[in-house]
There are 2 protein chains.
Amino acid sequence: VAERGISPVLIIGSGLIGTSLGLSLRRVGTDVLLDDRDEAKRDEAVAMGAGRPWDGSTQPQIVILAVPPSEVAKRIAEAAQQFPDATLTDVASVKSRIVQEALAAGVPAERYIGGHPMAGRELSGPSAARADLVDDRLWILTPLEHTDPTRLTQIKELVRTCGGVVREMSPAQHDQAVALVSHVPQVVASALAAQLRDAGEDQVVIAGQGLRDMTRIAASNVDLWSDILLGNAGPISDALVGLTGTLDETRKALAATAAGGPANRDAVQEVLLAGRDGQARIPGKHGAQASPYVEVAVMVEDKPGQLAQLVVAAGEAGINLEDVRIEHVLGRPSGLIELAVRPENGARLEAVLRSLGFDVRT
Amino acid sequence: VAERGISPVLIIGSGLIGTSLGLSLRRVGTDVLLDDRDEAKRDEAVAMGAGRPWDGSTQPQIVILAVPPSEVAKRIAEAAQQFPDATLTDVASVKSRIVQEALAAGVPAERYIGGHPMAGRELSGPSAARADLVDDRLWILTPLEHTDPTRLTQIKELVRTCGGVVREMSPAQHDQAVALVSHVPQVVASALAAQLRDAGEDQVVIAGQGLRDMTRIAASNVDLWSDILLGNAGPISDALVGLTGTLDETRKALAATAAGGPANRDAVQEVLLAGRDGQARIPGKHGAQASPYVEVAVMVEDKPGQLAQLVVAAGEAGINLEDVRIEHVLGRPSGLIELAVRPENGARLEAVLRSLGFDVRT
């Protein structure tokens, strides 16, 4: 069987993901054709260098559907008709339902391979696109029983060319996994933040970093997330059963304590311990294990140039800063800067900064 | 009525908070006496400069109980006996129950004023203490009907001397507020993380930043949080009713959709919209409104000195960096650095960096 090439690729949809994939493929010279019902968006993607406008006739090797989840099945069925030899894929964050609907609409199973690059930004639209958006990110593929193996190889090559890392799952496995690690957390963030809508000013004013971190994604795009939640309704509602069960048990234990019963310390500790164990299983950035860095904290004046002196000192000592966190202290002319470095560099960085007169905190 | 001074202050408990308060008071020369049943901890706090060991006889003006929530009431009652003229306060994150138990144990209402500095770290113990821990943080005081006004003035002076910002509430108001913005989020983070404990490796490996942010506090100290949750059981279980109600409605809407019913788009959008509105009410760091900064993203090589060049350039242009975020791209010799600056400086920083040949992303 002859290998299938990936060029030209037709990307339908010039949003954040479609444009980013175009940019990533253009890095290595792949011929990228762009199409979007909104010509202004497509033109913006073209202007950014994500590809050239589809001319209405070229037959692509691969068609990537980068449209909202609720439109994928219909648009993929159209593409299957229009491009009878192309391999078809998509980038939607739900899979079972889209695969089902696509097959029902006549999309041939042998040349459709569902995909989901695990990358995104809080921003949307072509202007937010980046050539490196999916670099080293997991990109889940959901081949089916009847998928043509040469076409699967071809789509894997596409993923690698875009910079992604292939992981194969069944559509159902994919949907359960994203329900647990992505969709349920979105529902929880929204539900938690919703409790603040009618809270008193005296209450929200004391909110701390914990609540801010836990509700950040509640600011996400409502239309896109409605699509995602409804598109993966089954696995999400299943996963929510476990979560609401845990919360209800905790609530009952606390209510019984509040009603004058004995302190239900065991029940409360159980959820805290289970949470600690579960949290420890989450890998660090990009699938790595949790960060092995140590932090060196320095109090500096909150004015231009202070941070520069710190990082210059680190650079001159040959120490790479793995992360930097700046904590401002409102209304005071000082701020705390936390520098994360590899453990073997921690003591040395501290010594270097102290020798330069920096106010290093431990 | 003569004013009451604050010096000497006796701090009972040499953990993170007790030691930090000692350090903050020592900055301005207040006489600080330290006591802890664990002499090694007290000695560590003394060695750090947080105060001198209590000599067993000096009568302090103020006694701060900085012990775990479950011990506060009992220890405050002991202190009330031992120091018949001292003003008493504590730093526990629950109030109604402690006040009730303290009064029941004979603590005189006129000289006990509950307190709660809204500050903490993920670390604990005297070695994690910082003189600036409560600088510009809210410090809630819960005076009672019979509180002596001169003693309230005295404790307010203590708070200001430590660097904190006083906010008065009733014990019940305090407990409802912290239940909503701190204790329920802790329960939710733990319950959410608990769902991962028995998840498959294929599932946890795809976890992203959203889940990491939402479960970070699930790694908190289990004993301390058991104390807090049981100590504020009533307001927390009340607040959990609203949250679990919202989650249950969402779960039912999704389950009905999954069972083949119509897509319950309205119900799903309702929780997402309410979450977006609630999230927008959370103030930024330190009680300020949400960050007004803009971000300038730069792709750099992942090696020492790159960050330095960036911040030096910003400093030379007189632009203060409000925040810095470094995103590494695993296995690639490049990283994305996001610099947050005030809106009026955004375009200028971009221009400055571009003119220096930096790869600025938009």
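Residues numbered from 1 in each chain as written. Chains lettered and ligands numbered in written order. Predicted model: local features only at pLDDT ≥ 70, side-chain atom pairs only at ≥ 80, totals over all residues. Heavy atoms only, no water.

1. Some points on the packing of aromatic side chains
All names here are of chain A. Per the counting criterion, the structure on display carries two aromatic pairs over all chains. Ring centres of Trp54 and Phe83 lie 5.5 Å apart, and the angle between their planes is 75°; this geometry places the pair in the edge-to-face category. With Trp54 in the loop between strand 3 (52-53) and strand 4 (62-65) and Phe83 in the loop between helix 3 (69-82) and strand 5 (87-90), this pair connects stretches of sequence that are 29 residues apart. On the basis of relative accessible area, Trp54 is assigned to the buried category, the value being 15%. Accessibility expressed as a relative area gives 1% for Phe83, which makes it buried. (Phe/Tyr/Trp six-rings, centres within 6.5 Å; stacked < 30°, edge-to-face > 60°. Helix = DSSP H or I, 4+ residues; strand = E, 2+ residues; numbered from the N terminus. Buried < 20%, exposed > 50% of the residue type's maximum accessible area, 1.4 Å probe, protein only.)

2. A look at the side chain of Thr19(A)
The topology assignment puts Thr19(A) in helix 1 (residues 16-26). Within the structure, Thr19(A) has its side chain in polar contact with the backbone oxygen of Ser14(A) (distance 3.1 Å). (Polar contact = N/O pair within 3.5 Å; in protein donor to acceptor, adjacent residues only side chain to side chain.)

3. A closer look at the pattern of salt bridges
All names here are of chain B. Summed over the entire model, instances satisfying the criterion amount to 44 salt bridges over all chains. Where Arg75 meets Glu71, a salt bridge forms, and the shortest distance between an N and an O atom there is 3.3 Å. Placement of the pair is Arg75 and Glu71 together in helix 3 (residues 69-82), with a separation of four residues, close to one helical turn. Among the residues examined, Arg75 registers a relative accessible area of 11% and is labelled buried. For Arg216, the salt bridge goes to Asp213, with nearest N and O atoms at 2.8 Å. Judged by relative accessible area, Arg216 falls into the partly exposed class, the value being 33%. (Salt bridge = Lys/Arg side-chain N within 4 Å of Asp/Glu carboxyl O.)

4. Quick look at the relation of the copies chain A and chain B
Overlaying chain A on chain B yields an RMSD of 0.2 Å, the required transformation being a rotation through 180° with an accompanying axial translation of 0.0 Å. Put plainly, the chains are arranged around a two-fold axis. Closest approach to the rotation axis within chain A is made by the C-alpha atom of Met214(A), at a distance of 2.1 Å. The residues that chain A uses at the interface reappear at the interface of chain B in 100% of cases, marking a shared surface. (Least-squares fit on C-alpha atoms with pLDDT ≥ 70 in both. Contact = heavy atoms within 4.5 Å.)

5. Structural notes on helix 5 (residues 149-162) of chain A
Residue and element names in this part refer to chain A. Taking 1.5 Å per residue as the helical rise, helix 5 with its 14 residues ought to reach 20 Å, and the 20 Å between its terminal C-alpha atoms agrees with that figure. Those residues of helix 5 not exposed but buried are Thr150, Arg151, Leu152, Gln154, Ile155, Leu158, Val159, Thr161 and Cys162. Gly163 sits one or two residues past helix 5 and shows a positive phi near 100°. (Expected span 1.5 Å × (residues − 1).)

6. Digging into the sheet that holds strand 5 of chain A
Residue and element names in this part refer to chain A. With mixed pairing, eight strands are arranged side by side in an open sheet as 3-2-1-4-5-6-7-8. Every interior strand has two partners, whereas the edge strands, strand 3 and strand 8 (165-168), have only one. As judged from the four bridges shared by strand 4 and strand 5, these two strands associate in the parallel manner. Each bridged residue has a counterpart across the sheet, and for Ile64 the counterpart in strand 5 is Thr89. Strand contacts of helix 1: strand 1 (9-12), strand 2 (32-35), strand 4, strand 6 (112-117) and strand 7 (138-142), with the helix running at about 160° to strand 1, the strand carrying the most contacts. (Pairing = 2+ DSSP bridges. Axes fitted to C-alpha atoms, helices over the stretch in contact; angles between N-to-C directions.)

7. What about the interface of chain A and chain B?
Counting from both sides, the interface comprises 128 residues of chain A and, opposite them, 129 residues of chain B. Buried area between chain A and chain B, summed over both chains or domains, comes out near 11600 Å², and the portion from carbon and sulfur atoms is 64%. Here chain A is connected to chain B by ten salt bridges. Put simply, chain A and chain B have 25 residue pairs in polar contact (both at pLDDT 80 or more) between them. Among the elements that line the side of chain A that touches chain B, the one with the most residues is helix 10 (residues 233-258) of chain A, at 18 residues. (Buried area = accessible area lost by both parts, 1.4 Å probe.)

8. Some thoughts on the pairing of strand 7 (residues 138-142) of chain B
Strand residues, when the strand is regular, have side chains that alternate between the two faces of the sheet. All names here are of chain B. Of all five residues that make up strand 7, five are buried, and the element is covered over most of its length. Of the two faces of strand 7, the one lined by Leu138, Ile140 and Thr142 and the one lined by Trp139 and Leu141 are each fully buried. By the bridge criterion, four bridges tie strand 6 (residues 112-117) to strand 7 in an arrangement that is antiparallel. Bridge pairing links Pro117 to Trp139 in strand 7. The pairing of strand 7 with strand 8 (residues 165-168) spans four bridges and is classified as parallel. Its bridge partner being in strand 8, Ile140 is matched across the sheet by Arg167. With helix 5 (residues 149-162) bridging strand 7 and its parallel neighbour strand 8, the resulting β-α-β unit is right-handed. (Right-handed = clockwise from strand over helix to strand, strands pointing away.)

9. Points about the confidence of the model for chain A
All names here are of chain A. Chain-level statistics for chain A give a pLDDT mean of 90 and a share of 93% at 70 or above. The model gives residues 285-290 a pLDDT under 50, and that stretch makes 14 contacts with residues more than four places away or in other chains. What the predictor reports for the complex is a pTM of 0.79 with an ipTM of 0.78. (pLDDT = per-residue confidence, 0-100.)

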